[in-house]
Amino acid sequence: MPPIRRVVIAGAGQGGVHTAASLRRLGYDGDLTLVSAEPSLPYQRPPLSKTFLRDPDPAHIDFHDAAHYSTLDTRLVLGDPVTTVDRPNQTLSLRSGETVRYDHLVLATGSRPRRITDLAHLRNVFHLHDRDSSAALGEQLREGRSMLLAGGGFIGLEIASAAADLGCAVTVVEQLPSILAHAVPTQVSDFLLDRHRARGVRFRLGRSVVAFTTDGDRLASVTTDDGSEIAADVVVVGIGSVPCTELAAHAGLKVDDGVVADTRLHTSDPHISAIGDCVRFPLAGRPVRLTSVQHAMDSALHVAKQITGRDAPYRPVPWFWTDQAGVKVQMAGAPRAEHDRTEFVAGPSDAAFAVRSFLGDRFVGGVTVGMPREHLAMRRELAAS
Amino acid sequence: MKLTVDAGKCCGSGQCVLAAPEFFDQDDDGIVVLLADEAGDDAAGDVEEAVFSCPTAAIEIVGR
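Every chain is numbered independently, its residues counted from 1 as its sequence is written. Starting at A for chains and at 1 for ligands, labels are handed out in the order in which the entities are written. Predicted model: local features are reported for residues with pLDDT of at least 70 only, side-chain atom pairs are reported and counted for 80 or more only, and whole-chain, interface and lining totals are derived from all residues.

- The name an unreviewed UniProt entry assigns to chain B is Ferredoxin, from the organism Amycolatopsis albidoflavus.
- UniProt, in the comment section headed Function (unreviewed entry), describes chain B in these words: "Ferredoxins are iron-sulfur proteins that transfer electrons in a wide variety of metabolic reactions."
- UniProt positions are given in the numbering used here, feature names are shortened, and annotations may be inferred rather than shown by experiment. Taken directly from UniProt, the Cofactor (unreviewed entry) text for chain B runs: "[3Fe-4S] cluster".

- You'll find chain A entered in an unreviewed UniProt entry as NAD(P)/FAD-dependent oxidoreductase, with Amycolatopsis albidoflavus given as the organism.

Remarks on the overall build of chain B
Then step 1. Each helix and strand in chain B was counted, giving two helices and four strands.
Then step 2. Helix and strand labels come from DSSP, where a helix needs a run of H or I of at least four residues and a strand needs a run of E of at least two; each type is numbered from the N terminus. In chain B, the order of α-helices and β-strands from amino to carboxyl end is β-α-β-β-α-β.
Then step 3. Relative to its length of 64 residues, chain B is compact, with a C-alpha radius of gyration of 10 Å against a globular reference of 11 Å.
Then step 4. With respect to the three principal axes, the spread of C-alpha positions in chain B is 30 × 20 × 15 Å.
Then step 5. Counting other C-beta atoms within 10 Å of its own, a residue is labelled buried from 20 upward, exposed at 12 or fewer, and partly exposed in the gap between, with every C-beta atom placed from the backbone. Going through the 64 residues of chain B one by one, you find that 41% of them count as buried.
Then step 6. For chain B, restricting intrachain contacts to residue pairs at least 6 apart in sequence, the fraction spanning at least 24 positions comes to 59%. As a reference, a globule follows 2.2 Å times the number of residues to the power 0.38, and the radius of gyration itself is taken over C-alpha atoms. A pair of residues counts as a contact when their C-beta atoms, built from backbone coordinates, are separated by no more than 7 Å.

Concerning the domain arrangement of chain A
Then step 1. For each domain, the first and last residues come from an automatic or database assignment. According to the domain assignment, chain A consists of domain 1 (6-112 + 241-307), domain 2 (115-237) and domain 3 (337-384).
Then step 2. Between domain 1 of chain A and domain 3 of chain A, the C-alpha centre-to-centre distance is 31 Å.

Some details on the sheet that holds strand S20 (residues 279-283) of chain A
Residues and elements named next belong to chain A.
Then step 1. At least two DSSP bridges between two strands are required for those strands to pair. Here three strands make up an open sheet; going across it, the order is S18-S20-S21 and the pairing mixed. Two strands bound the open sheet, and with one partner strand each, they are strand S18 (259-260) and strand S21 (286-288).
Then step 2. Bridge count between S18 and S20: two bridges; the pairing is parallel. Residue pairing in the sheet places Val259 in a bridge with Val279 of S20.

Dropping the structure here:
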């Protein structure tokens, strides 16, 4: 293949921004264009369900200043998303009508919250996905007295924590019998459930929402499958994410709950790679989609290496963190890694411990609560194995 | 080169500790602690790796 002199990155979240930084760090000196659908400078998303929700100070989500992108000799296109990709001609169109040529295109289109479409138009129902929805949710939580969360996943429970801190009476409705099911070991799930309850959060586990009532443009109450009615000023839907694959699908790339990529993160077109939340790729032989800062950054660096001629399979050591119920929980290793036993590690206080998972004698991953050094030790072990 | 950290931006990922343990540590909450704020040329590679791999852009190299 001829040398790559024009790289376009579609999407300026954590992964898109890190692709630009990685390419320059690796010595790439061709054209570099970073295209964002959003009008503001790229910002950080993890705080949207944490600090920024409690206090909408932009300092919480500030990422790099404009000078950073000049230093990277990167053309930053804001508020002008890629609308179509013409693969035979290796060009793409922006909404403004501009056509941009590429030798290599990096899809970093991210994911969006899974929606309950019947509820999405209601003024007090939130699907957290960007700075505006976080700011609007925070405003209603400061004004409101009660919040209902549908779903017991990471982002939802972070929001529940913030809402409780802001003085809301919080109720969580989760279909499964435990929170963060399949994502953390039982000991961690039970510990966090107790912590949330001690902070006044109420849980309806093993229940699902079957009906709702509205009052004008607001949701007034929901009914769960045991017949109880729960009223709330604010309703948050936290039932997972779906990858943004429309652009890839429209371009005729292979898509299957994510843009399908190989072990190099190449899509079905060798001139197009996919990274971050939007890509489905083989990890330890199993196709997965990871939605984490770690994967956004590691896949960005990986693709930058591929573009600059350093070929190797993408074999990340996954890690993840959540701040909720007053503690930091950190995970190392592939989510749901196959294991046949766990080992409990006591920490320096009642609110600190770790759970390590093993398959036979092999350490496959673990979760720490309030033990950042143990978390790093786990990542070092996984990287060495 | 001189180093500064913004603990308010830190998410406790530990990336800096893995890249340059002589310069960065974490407190019990995982938040970055700067061990030395002046790095010589021999340490430039490690420190630049820490800046590059920090997910929240919480580390800055100033005055070089």
